[in-house]
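Each chain, letter by letter, is given below.
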Amino acid sequence: MGNRGMEDLIPLINKLQDAFSSIGQSCNLDLPQIAVVGGQSAGKSSVLENFVGRDFLPRGSGIVTRRPLILQLVNSKVEYAEFLHCKGRKFVDFDEVRLEIEAETERVTGSNKGISTVPINLRVYSPNVLNLTLIDLPGMTKVAVGDQPVDIEHQIMEMLMQFITKDSCLILAVTPANTDLANSDALKISKEVDPQGLRTIGVITKLDLMDEGTDARDILENKLLPLRRGYIGVVNRSQKDIDGKKDIRAALAAERKFFLSHPGYRHIAERMGTPHLQKTLNQQLTNHIRDTLPGLRSKLQSQVLSLEKEVEEYKNFRPDDPTRKTKALLQMVQQFGVDFEKCIEGSGDQVDTSNLSGGAKINRIFHERFPFELVKMEFDEKELRREISYAIKNIHGVRTGLFTPDLAFEAIVKKQIIKLKEPCLKCIDLVIQELINTVRQCTNKLGSYPRLREETERIVTTYVRERDSKTKDQVLLLIDIELSYINTNHEDFIGFANAQQRTAANITKKRVMPNQVIRRGWLTINISIMKGGSKDYWFVLTAESLSWYKDEEEKEKKYMLPLDNLKLRDVEKGFMSSKQVFAIFSTEQRNVYKDLRQIELACDAQEDVDSWKASFLRAGVYPEKDQPASEDVMNPSDTVSMDPQLERQVETIRNLVDSYIGIVNKSIRDLMPKTIMHLMINSAKDFIHSELLAYLYSAGDQGSMMEESPEQAQRRDEMLRMYHALKEALVLIGDISTTTISVPVPPPVDDKWIAKDPSPPPASRPAAATAPPPSRPPAVRGPTPGPPPPLNPSPAFGGPPVPTRPPGQTAYAGDTNSGSVPLVPSRPARVPPALPPGIPRRPPGAPIRPTVIRPSEPSLLD
């Protein structure tokens, strides 16, 4: 037929479909296939069973096909079936195939009559089939039955449209002959998606169930509602035959006998029946594939290019290569080091816009969380003054001091410096936790080798823990260095003379520049439901006030709260709330907002709460100090018993301590990030780049360490299989493009589904009185009402065209008793002008003309 090479393309397309399905990806190639559409009980499943020659599809009343069935028929010497979801299992008994289809359908759709778009892939190998790929779709219905959803018609229509709207899909429109063809759901939906009729093939079933005296001859001859690819009639088994287990081969023989013996179909019997339908579908599918080759080739090439990067590391994969594991180990360790450094130092490529990286979180710890922890350790005014007064009194002893003692200043300063140890150690713990999280994040790319990932994470985490102790020792050493010498000659230290002149009011708060905006963002105000409930507002924090607005446009201001005498306190989140809460309150016990003594503000994450607290610290709003209930709390008499001289000394030392502690805090805030970076983070990077590989080699057998996970091995195999299948398809398509020919699509027909002057419907057309059907010549018929048929009404079947006559000639009636002489056309007709009754139309030994799709031939008069 000139298309022998095309027979190899259908199995290859099946292979491509399986390759894409097995790897869990949708096949974006829109591979050519045939979709079977029609109403319920139109005989779609029976047609497919006749193709295979076996009973394997579910039977019953109502909607039976509830999931698309992708049926791949493969010509083979042995007969068996395979499901894609049951890999490796061969079904020899086709009753088991039917049970498996029913079980798989109910697994997804349930036991009711619901439908699903998830297809079932079934491949049937048999010597009785030709290579075909068909999709059996649910029958179109109008009314929901049982537990079906009320929009079942819409759901089925959407499912059908998913398949038949693709230009690569041929449509097999199945319509029963005992219904009006003009009301066919299958032809109606085909007309909507294929108005030119380029992809639609008509199948007429149940020809044996038509009323006596009627036939579908005009339909099968493509005169009534013509299709470009024509119609093919089939006769399926009746329900009685199915219940009686009638053999399909016997049914095919009965179908053949029906067409040969029926007076209306015997002249087209060679173009009717299931075998001819199967051959026609095979040929038209291969020709359709041939027509779609250019687009298919370009899509295959784009798929190959997209897979090149993924399979680059797999293309030259050889399991028996002794150097493979060594190369993979070196590549993995090197990539891990690069990823870790990018997470810490930051990178411009592949920026994560949804989460903060490890380096960004560590930066927040250095410049937001750690300063906040330092401020939390700030001294309480009353307690500090009490300690200073006790120190002065204890140093003087029984004497009355005339001068302010230096020893009291040093004692108070050292006590405050020691308090810095706790926030410094907490800062190191926070950085350690972020480093470990970063290591775990970077080892995710080593998931292909579970043991390598486990060992890498263990070695690096252990090293980070070791550096933890050394970093803490160094930080504690820094604090001890500060304690070892109190440098009162520091350039930023106010000195004794200036301390006496300064007042407490000048140093109680250190504000930033007035009217400077410190932070903007969304916060939630937690208010009880009785008072309006919680609401989100846009907050603006400046150096002097906290304002909130309706939205970020800052046009509608809701409230402005001055920051004077405000403090922060932690609040436990509610039982049903997932947000983190903190509160602002006034130290003067006044209402902060409306009738509320404190206003509760909520954020989605604890990190946001810490960041807002750090911003409030910059504005001079400090956290509340915990007041421990101790027995040595000073009595009111202790505070009022200070004489004026002692009070002046306390105020002087208090100013000196505040100045010096400010210098120490500034130094610690500067040295802490530098110490952690040097001793921990940079050291971890150097360790990963220079020593990690040696530790991995000494950890154990590299062979077992580089064993792939089963999932990775399966993914590699499937990826390589799909890649090679695509490459093979490109090679085969190239060969077919240069060595094969195709039969062009039939010429257009009158696509007006109902003619202007329609002929009587076949169910009411009486038999001709002057010319009984058995003696009518098949190629020379009398004129019929309505528009004349095309010159080649059914080129899809390869039958001989109807000869044309010059004007004025009349058709030969075929009546043997009339004595009229037949009018001879300009060229001999292809069939005898008349045949006596009882004589077969073709000599017994005459060869049967093969059915080939041909282009339209010229008229006999040309």
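Residues numbered from 1 in each chain as written. Predicted model: local features only at pLDDT ≥ 70, side-chain atom pairs only at ≥ 80, totals over all residues. Heavy atoms only, no water.

1. Focus: the pairing of strand β9 (residues 517-526)
Next, step 1: Judged from the 8 bridges that link them, β9 and strand β10 (residues 535-542) form a sheet pairing that is antiparallel. Paired with R519 across the strands is L541, a residue of β10.
Next, step 2: Bridging between β9 and strand β15 (residues 598-603) involves 3 bridges; their strand directions are antiparallel. Each bridged residue has a counterpart across the sheet, and for I525 the counterpart in β15 is L601. (Pairing = 2+ DSSP bridges. Helix = DSSP H or I, 4+ residues; strand = E, 2+ residues; numbered from the N terminus.)

2. What to know about the sheet that holds strand β12 (residues 557-562)
Next, step 1: Strand order in this open sheet of 8 strands is β12-β11-β10-β9-β15-β14-β13-β16, and the pairing throughout is mixed. Where the open sheet ends on each side, the last strands, each with one partner, are β12 and β16 (622-623).
Next, step 2: Running over the sheet, helix α18 (residues 606-618) touches β9, β10, β11 (545-549), β13 (566-571), β14 (580-586), β15 and β16 and is turned about 130° from β9. (Contact = heavy atoms within 4.5 Å. Axes fitted to C-alpha atoms, helices over the stretch in contact; angles between N-to-C directions.)

3. Some thoughts on the sheet that holds strand β6 (residues 169-176)
Each strand in a sheet pairs with its neighbour through backbone hydrogen bonds, running either in the same direction (parallel) or in the opposite one (antiparallel).
Next, step 1: The strand order across the open sheet built from 8 strands is β3-β4-β2-β5-β1-β6-β7-β8, with neighbouring strands paired in mixed fashion. Each having just a single partner strand, β3 (80-83) and β8 (231-233) make up the two edges of the open sheet. Looking at each pair of strands side by side, their axes are set apart by 25° on average, direction ignored.
Next, step 2: Judged from the 6 bridges that link them, β6 and strand β7 (residues 200-205) form a sheet pairing that is parallel. Along β7, the bridge assignment pairs I171 with T200.
Next, step 3: Against the sheet, helix α2 (residues 44-52) touches β1 (33-38), β2 (69-75), β4 (120-126), β5 (132-136), β6 and β7, its axis set at about 155° to β5.

4. A look at the packing of aromatic side chains
Next, step 1: Taken as a whole and judged by the stated rule, the model has 18 aromatic pairs.
Next, step 2: For the pair F83 and F91, a centre-to-centre distance of 5.2 Å together with 85° between the ring planes defines the contact as edge-to-face. There is no split in this pair, since F83 and F91 are both buried.
Next, step 3: For the pair F409 and F493, a centre-to-centre distance of 5.8 Å together with 45° between the ring planes defines the contact as tilted. With a gap of 84 residues between them, F409 in helix α14 (residues 406-418) and F493 in the loop between α16 (450-484) and α17 (495-501) connect regions that are remote in the sequence. (Phe/Tyr/Trp six-rings, centres within 6.5 Å; stacked < 30°, edge-to-face > 60°. Buried < 20%, exposed > 50% of the residue type's maximum accessible area, 1.4 Å probe, protein only.)

5. Describing the pairing of β4
Next, step 1: The buried fraction of β4 is high, at 7 of 7 residues.
Next, step 2: Of the two faces of β4, the one lined by I120, L122, V124 and S126 and the one lined by N121, R123 and Y125 are each fully buried.
Next, step 3: Where β2 and β4 come together, 7 bridges link them in parallel fashion. Residue pairing across strands places V74 opposite Y125, the latter belonging to β4.
Next, step 4: Bridge analysis of β3 against β4 gives 4 bridges, and the strand direction is antiparallel.

6. What to know about the nonpolar core
Next, step 1: Counting residues in each nonpolar core, the largest one holds 66 residues, and the members touching the most others are F409, I417, V431, M672 and I676.
Next, step 2: Within the residue set of this core, elements represented by two or more residues are α11 (324-345), α12 (358-376), α13 (381-396), α14, α15 (421-442), α16, α20 (644-690) and α21 (692-699).
Next, step 3: In terms of residue count, the dominant contributor to this core is α20 (17 residues).
Next, step 4: The residues contacting I417, other than those within four sequence positions of it, are I479, E482, L483, I486, Y660, I661 and V664.
Next, step 5: V36, A42, I232 and L296 belong to the second-largest nonpolar core, a separate cluster that totals 48 residues. (Core = buried A, V, L, I, M, F, W, Y, C linked by side-chain atoms within 4.5 Å.)

7. Observations regarding the pattern of salt bridges
Oppositely charged side chains can pair when the atoms bearing their charge come close.
Next, step 1: Under the criterion given, the structure shown has 27 salt bridges.
Next, step 2: E373 is paired through a salt bridge with R369; the nearest N and O atoms lie 3.3 Å apart. Placement of the pair is E373 and R369 together in helix α12, with a separation of 4 residues, close to one helical turn.
Next, step 3: E373 gets classed as buried once you look at its relative accessible area, which sits at 8%.
Next, step 4: On the accessibility criterion, R369 (21% relative accessible area) is partly exposed.
Next, step 5: Look at the salt bridges and you will find they share partners, linking R369, E373, K426 and D610 into a network. (Salt bridge = Lys/Arg side-chain N within 4 Å of Asp/Glu carboxyl O.)

8. Observations concerning the packing of α12 against α18
Next, step 1: Put simply, α12 and α18 touch, their axes get as near as 9 Å, and they point 55° apart. One way to sum up the angle between α12 and α18 is to call them oblique. Between α12 and α18 lies a crossing whose hand is left-handed. Between α12, through K361, R364, E368, R369, P371, F372 and V375, and α18, the contact on the second element is made entirely by E607, D608, D610, S611, K613, A614 and L617.
Next, step 2: Across the contact of α12 with α18, the residue classes break down as 5 nonpolar, 1 polar and 8 charged. (Parallel < 35°, antiparallel > 145°, perpendicular 65-115°, else oblique. Left-handed = near helix turned anticlockwise from the far one by under 90°. Nonpolar A, V, L, I, M, F, W, Y, C, P; charged D, E, K, R; others polar.)

9. Looking at the environment of F163
Next, step 1: Within the fold, F163 resides in helix α4 (residues 152-164).
Next, step 2: The exposure class of F163 is buried, given its relative accessible area of 11%.
Next, step 3: C-alpha separation for the pair F163 and I135, spaced 28 residues apart in sequence, amounts to 8.8 Å.
Next, step 4: In contact with F163, not counting residues within four places along its chain, are Q33, P68, I135, L137 and C169.

10. A word on the confidence of the model for the protein chain
Next, step 1: For the protein chain, the mean per-residue pLDDT works out to 74, and 72% of the residues sit at or above 70.
Next, step 2: A low-confidence stretch, residues 23-27 stays under pLDDT 50, and its non-local contacts, those more than four residues away or across chains, total 7 contacts.
Next, step 3: Note that pLDDT drops below 50 for residues 503-513; the model gives that stretch 21 contacts with residues more than four away or on any other chain. (pLDDT = per-residue confidence, 0-100.)

11. Quick word on the packing of α11 against α15
Packed helix pairs are specified by the crossing angle of their axes together with the interaxial distance, meaning the distance between the axes.
Next, step 1: Contact geometry of α11 with α15 gives a least axis separation of 9 Å together with a crossing angle of 135°. It follows that α11 is oblique to α15 by the angle criterion. Judged by the twist between their axes, the crossing of α11 over α15 is right-handed. Facing F336, D339, F340, C343 and I344 of α11, the residues of α15 in contact are L435, T438, V439, Q441 and C442.
Next, step 2: Partitioning the contact of α11 with α15 into residue classes produces 7 nonpolar, 2 polar and 1 charged.

12. Notes on α18
Next, step 1: With 13 residues, α18 should reach 18 Å at 1.5 Å per residue; the first-to-last C-alpha distance of 19 Å fits that figure.
Next, step 2: Taken as a whole, α18 has its buried residues at V609, D610, S611, W612, K613, A614, S615, F616 and L617.
Next, step 3: One or two positions beyond α18, positive phi appears at G620, with a value near 90°. (Expected span 1.5 Å × (residues − 1).)

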